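Each chain is listed here by its residues.
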Amino acid sequence: MYSKLLIAFFMSSIGIRCDNSNITSPEGQFLFDFTKDDNVYDWQEQSDTVRSVGMSKAVFVLHQNTQFRRAIFFALLNPQLNGAGFAGIRALGYHDLTQYTKLQVQCRGQGQFNGFKIVLRHKGLNNEPNYSFEQYFQAPKDEFAVKTLPFSEFKAYYRGKRVNNNETLDLSQITSIGIQMYGGVYQPVKQKGPATLEVDWIRAV
């Protein structure tokens, strides 16, 4: 317990939000619940424009009226000819998810392409040259549905390419959670153009 408090203090000192307000219930721990009070201000864009050849764009906004409230991830993917490119967002924080085995996202995708991925980082290693732990999924169309992503299936990647190593995701120190639309440079399906992902909530179960 003492070591976790030290980690939380360290994360706060370098500008990473330590989230002690996560909602835990029999349904799991809600990391982000956009149907209620969570906002999108802590999410930041992380697209391929971090490199000189990148031309993609991503934004994350709240969408609400008197009847509903959710977040929408808008992506415009302009990949290179080989499919290299990504449009994404991420939220830095500190989450201990050791008592859970899966990540769930209630969402709906719209657009010609609906391939997305969740990108996790741990131990404060939130930027290159450190690799990330990723899992691809196809967003449900037409109706909202829950996508379940086992933590055991998050694999190490570096710039879209699978990394062969023996390190596994440290669920006790998740410090970055991201969503990306990918170009598919190393995937059988290549994607480009606009897409949206409507998100109600993200939770660990």
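Residues numbered from 1 in each chain as written. Predicted model: local features only at pLDDT ≥ 70, side-chain atom pairs only at ≥ 80, totals over all residues. Heavy atoms only, no water.

A. A look at the overall build of the protein chain. Each helix and strand in the protein chain was counted, giving one helix and 14 strands. Taking all 205 residues of the protein chain together, 49% fall into the buried category. Across the protein chain, contacts joining residues at least 24 apart in sequence account for 73% of those joining residues at least 6 apart. Summed over all atoms, the accessible surface of the protein chain reaches about 10,600 Å², with 51% contributed by carbon and sulfur. (Helix = DSSP H or I, 4+ residues; strand = E, 2+ residues; numbered from the N terminus. Buried < 20%, exposed > 50% of the residue type's maximum accessible area, 1.4 Å probe, protein only. Contact = heavy atoms within 4.5 Å. Areas by Shrake-Rupley, 256 points an atom, 1.4 Å probe, with all protein chains shown as cover.)

B. Examining the pairing of strand E2 (residues 28–33) more closely. In terms of burial, E2 is a largely internal element, six of the six residues being buried. The pairing of E2 with strand E14 (residues 193–204) spans four bridges and is antiparallel. Bridge pairing in E14 links Phe-30 to Arg-203. (Pairing = 2+ DSSP bridges.)

C. Highlighting the sheet that holds strand E9 (residues 132–138). Taking strand neighbours across the sheet as the criterion, the seven strands line up as E3-E6-E13-E8-E9-E11-E12 in an open arrangement whose pairing is antiparallel. Two strands close off the open sheet at either side, each with one partner strand: strand E3 (43–45) and strand E12 (161–162). Inspection of the sheet shows strand E6 (residues 86–95) paired to strand E13 (residues 174–182) by eight bridges, in the antiparallel sense. By the bridge assignment, Leu-92 is partnered in E13 with Ser-176.

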